[in-house]
Amino acid sequence: MRRFSLSVTYAFCLLLTLTVSASAQTNFQTLLVGVDHRTTTSLNGDWHYLVDQAPGRALYGDNGVVNDKSYAQNEHPNIVGAHNQEYDFSTAPTLHVPGDWNTQVPQLFNYEGVVWYERDFDAQPKAGTRNFLHIGAANYRSHAWVNGKRVCDHEGGYTPFDCEVTAALHPGSNFVVIAVDATRMVDGIPSVGIDWLNYGGLTRDVSLVTVPTAFIDDYDVHLAHGSAWQAGNTELTGYVHVLDAPAGTAVTLTIPEAGVKTSAITDSQGRAPFSVKATKLTLWSPESPKLYKVTISCGADSITDDVGFRDIRVDGTRILLNGKPIFLRGANVHAEAPVRGGRTNTDADVATVFSYLKDLNANFVRLAHYPHDERMEREADRDGVMIWSEIPLWQHISFDKQEVYAKATAMLNEMIRRDRNKASVIMWSVSNETPNNPTRTEFLTNLANEARKLDPTRPITSALNTAHIEGTTATLPDKFADALDIIGINQYVGWYTGTPEQADTLHWTLPEKPVIASEFGAEAKFGNHGATNQRWTEEQQAYVLEHQIKMFRKIPQLRGTTPWILVDFRSPTRNIPKLQDGYNRKGLISEDGKKKQGFFTMQKAYKDPTFGKPD
Ligand code: GCB
């Protein structure tokens, strides 16, 4: 069942995808919003696993189509009687969920194929309720069965999806089998080339969510976003969506602390728009990350979320938060847990990342290059850290294919849907470092416009690596910049190109829009010391950063900086023994939590009130 209001292009593309992709019966699933604020049955823990083996009971049949008569049936081998099966989940080893398989089983460290997961669970389904299997994220394609019945298919490794299991459940013991395929695909997003470890598996929380027959699946509550910032604005607006509610169903929204109590009525699409004045409202900001308890109810369903209210907009070359110009002191972060390694998916992982950001004196983080665990946005909401959130359109993508556009739009929908109520998220990024050609520019311009339609309250950005640097001049000959509200620029002067000192003399001519230096930096192995002209030393990394900082001071429309990257991260393509050992070493901090000199260089800049002009 679909609930997104689809644009004509998207609907067309979706149709196309459904006809071209053999396994894509319902690729883009209902997405429950605020699942972490519902009472759910956690299915985290130990799941039995088997590595897919063809032909046997493999995931894909000879024709490449998903095979339901596979391990999905969870049969057991006969000990007495006729020969039947040659697999058995019940005695198979286990993987912890949430978790990538790469860091749990040494033999699977570099595995990029299909792994089958199985677990038993008890359920007592009640009349008048529906049940959904909620999967926080599974990389990259997933197929799920409950008690042998296929309940969903999903493509995309970094956003949640929900599979309705109401008809498949029975009272007592049930089983769920999920096949996760981490195979890289030319027409996937990302495509085959990436600069990070392609972690596979059920990488985020899995739960069973029980809701009434008609239930709140989506909502949007935000400060009214007029054409100009209005001081004293206390109007809240948005919608509540109730899935399968008849037109005219009443919903209520209360925010007791802000004196808000209002009701609204669903239309024929199940959508109940509302607009209401708060009697008092403290706006969310990094200095005062105020969150309100927002309760939304409809019939037997009710959900209470923690929501902050703020206004974010672009005005000329400035970024305004609640009408006040801001400068974003940030860092890039991959979703790899510091110290313990593996995918970030626990409160402790998130707390470590935010402690580093606080120590850096950062107020901003770019979550590269895909949506991270929702815990990151929750923590940022509470801590007052602003977020750049991005979908994984990284470098080379099949921009010429309609079906890839459909996937990109689905990922955009899923990202915005999950996080639109998070005050910390202040911009959506549609891509990173894409090649500058007309096909890509048309694709991404359409995608940026789609993002703006889905959420007209936030600026749209992208990280571009298309600056033209020659001698002492730097320009941005990229038409895609016209489609953006905020322009991200990745450049590695002093590392991949030029010398660190070249940065001092560079004169940038840029569009009259806010610009974020979204990537810059150099590699250094923690503890490796030497002269500033010696690669891989902490001294050189710090030196490159110092010269970048010098350059940034001279770019009038620069409104933020995010060095690449906060913490060293695994990237199998980084192969210099003893220096890289499978890690991208541009981190300000090593993977085991040790701060390099470059960390203190950025920290000093971020503590200096003369660095970074909001105006
Ligand atoms: C980039 C990419 C990032 C890489 C980084 C690097 O421009 O956006 O994903 O990891 O450079 O280290 O080369």
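Residues numbered from 1 in each chain as written. Predicted model: local features only at pLDDT ≥ 70, side-chain atom pairs only at ≥ 80, totals over all residues. Heavy atoms only, no water.

K.L.:
Can you walk me through the nonpolar core in this structure?
P.N.:
When a protein is soluble and globular, its nonpolar side chains tend to lie buried together. Among the nonpolar cores identified, the biggest contains 72 residues, and Leu360, Leu393, Leu412, Phe443, Leu447 and Leu566 are the most heavily contacted of them. Those residues within four positions of phenylalanine 443 in sequence are excluded, and the remaining contacts are Leu393, Ser398, Phe399, Lys401, Val404, Tyr405 and Ala408. If you look at the next biggest cluster of nonpolar residues, it comprises 31 residues, including Tyr117, Phe161, Cys163 and Leu208. (Core = buried A, V, L, I, M, F, W, Y, C linked by side-chain atoms within 4.5 Å. Buried < 20%, exposed > 50% of the residue type's maximum accessible area, 1.4 Å probe, protein only. Contact = heavy atoms within 4.5 Å.)

K.L.:
Would you mind showing me how to read the site of the ligand here?
P.N.:
Surrounding the ligand, one finds 14 residues, the nearest of these being Asp195, His369, Glu433, Tyr496 and Lys586. Asparagine 584 places a polar side-chain atom, nitrogen or oxygen, 2.8 Å from an oxygen atom of the ligand. Protein chains bury 95% of the 320 Å² of accessible surface belonging to the ligand in isolation. Counted by class, the shell around the ligand contains five nonpolar, four polar and five charged residues. (Near = heavy atom within 4 Å. Polar contact = N/O pair within 3.5 Å; in protein donor to acceptor, adjacent residues only side chain to side chain. Areas by Shrake-Rupley, 256 points an atom, 1.4 Å probe, with all protein chains shown as cover. Nonpolar A, V, L, I, M, F, W, Y, C, P; charged D, E, K, R; others polar.)

K.L.:
For this particular structure, what's the right way to read the environment of arginine 271?
P.N.:
Along the chain, arginine 271 falls in strand S15 (residues 271-277). For arginine 271, a relative accessible area of 35% gives the class partly exposed. A C-alpha to C-alpha distance of 54 Å links arginine 271 and histidine 83, two positions 188 residues apart in sequence. For arginine 271, the residues in contact, after removing those within four places along its chain, are Tyr239, Val240, His241, Ile265 and Thr266. (Helix = DSSP H or I, 4+ residues; strand = E, 2+ residues; numbered from the N terminus.)

K.L.:
Sorry if this is basic, but what is going on with helix H3 (residues 374-383) here?
P.N.:
Because an α-helix completes one turn every 3.6 residues, residues spaced three or four positions apart along the sequence face the same direction. Most of H3 is tucked away: seven of the ten residues are buried. Where H3 is concerned, the buried positions are Glu374, Met376, Glu377, Arg378, Glu379, Ala380 and Asp381. Tucked into the core, H3 has its buried residues touching strand S17 (301-307), helix H2 (347-359), strand S22 (364-367), strand S23 (386-390), helix H4 (402-419) and strand S24 (425-432). Glycine 384 sits one or two positions beyond H3 and adopts a positive phi of about 75 degrees.

K.L.:
So what exactly am I meant to see when it comes to the packing of helix H7 (residues 538-552) against helix H8 (residues 597-607) here?
P.N.:
Two measures define how a pair of helices packs: the angle their axes make with one another and the distance between the axes. One way to put it is that H7 packs onto H8 with a least axis distance of 7 Å and a crossing angle of 25 degrees. As the angle between them shows, H7 and H8 are arranged roughly parallel. Like other packed secondary-structure pairs, H7 and H8 cross with a definite hand, here right-handed. Listed contacts from H8 to Glu538, Glu539, Gln541, Ala542, Leu545, Glu546 and Ile549 of H7 are Gln597, Gly598, Thr601, Met602 and Ala605. Looking at the contact of H7 with H8 residue by residue, the classes come out as five nonpolar, four polar and three charged. (Axes fitted to C-alpha atoms, helices over the stretch in contact; angles between N-to-C directions. Parallel < 35°, antiparallel > 145°, perpendicular 65-115°, else oblique. Left-handed = near helix turned anticlockwise from the far one by under 90°.)

K.L.:
I keep staring at the pairing of strand S3 (residues 94-97) and nothing clicks. Help me out?
P.N.:
The two faces of the sheet receive side chains in turn, since in a regular strand these alternate between them. Residues Leu95 and Val97 point to one face of S3 and are all buried, whereas Thr94 and His96, pointing to the other face, are not buried. Summarising the sheet, strand S2 (residues 45-51) and S3 pair through four bridges and their orientation is antiparallel. Within S3, the residue paired with tryptophan 47 across the bridge is leucine 95. (Pairing = 2+ DSSP bridges.)

K.L.:
What am I meant to see in the packing of H2 against H3 here?
P.N.:
Contact geometry for H2 and H3: axes closest at 10 Å, N-to-C directions at 45 degrees. Considering the angle they form, H2 stands oblique to H3. For the pair H2 and H3, the crossing hand works out as right-handed. Across the interface between the two elements, Asp347, Val350, Val353, Phe354 and Lys358 from H2 touch Arg375, Met376, Glu379, Ala380 and Asp383 from H3. Taken together, the residues of the contact of H2 with H3 sort by class into five nonpolar, no polar and five charged.

K.L.:
What is the right way to look at the layout of surface pockets in this model?
P.N.:
Sizing a probe to match a water molecule and rolling it over the atoms shows the empty space that remains. One number sums up the size of the second largest pocket: a volume of about 450 Å³. What lines the second largest pocket is a set of 23 residues, among which Asp36, Asp205, Asp373, Glu374 and Arg375 lie closest to the centre. Mapped by element, the contributors of at least two residues to the lining of the second largest pocket are strand S10 (206-212) and H3. Counting residues per element, the lining of the second largest pocket draws most heavily on H3, which supplies four residues. Its residues placed into classes, the lining of the second largest pocket shows five nonpolar, eight polar and ten charged. (1 Å grid on protein atoms, 1.4 Å probe; cavity = no way out; pocket = protein on both sides within 12 Å on 5 of 7 lines; lining within 4 Å. Points joined across faces, edges and corners; volume = space filled by probe spheres on them.)

K.L.:
Any chance you could explain the state of the cysteines here in plain terms?
P.N.:
In protein chemistry, a disulfide is the covalent bond that joins the sulfur atoms of two cysteines. Counted under the stated rule, the structure contains one disulfide. Here cysteine 152 pairs with cysteine 163 through a disulfide, and the sulfurs are 2.0 Å apart. In this pair, cysteine 152 is assigned in strand S7 (residues 149-155) and cysteine 163 in strand S8 (residues 161-164), connecting sequence segments eleven residues apart. Of the two residues, cysteine 152 and cysteine 163, both sit in the buried class. (Disulfide = S-S within 2.5 Å.)

K.L.:
Help me understand the sheet that holds S3 in this model?
P.N.:
Taken in spatial order, the six strands line up as S3-S2-S4-S9-S6-S7 in an open sheet, and their pairing is antiparallel. The sheet is open, and its two edges are formed by S3 and S7, each paired on a single side. Along the sheet, successive strands turn relative to each other by an average axial angle of 30 degrees, direction set aside. Examined bridge by bridge, S2 and strand S4 (residues 114-123) share four bridges and lie antiparallel to one another. Each bridged residue has a counterpart across the sheet, and for valine 51 the counterpart in S4 is valine 115.

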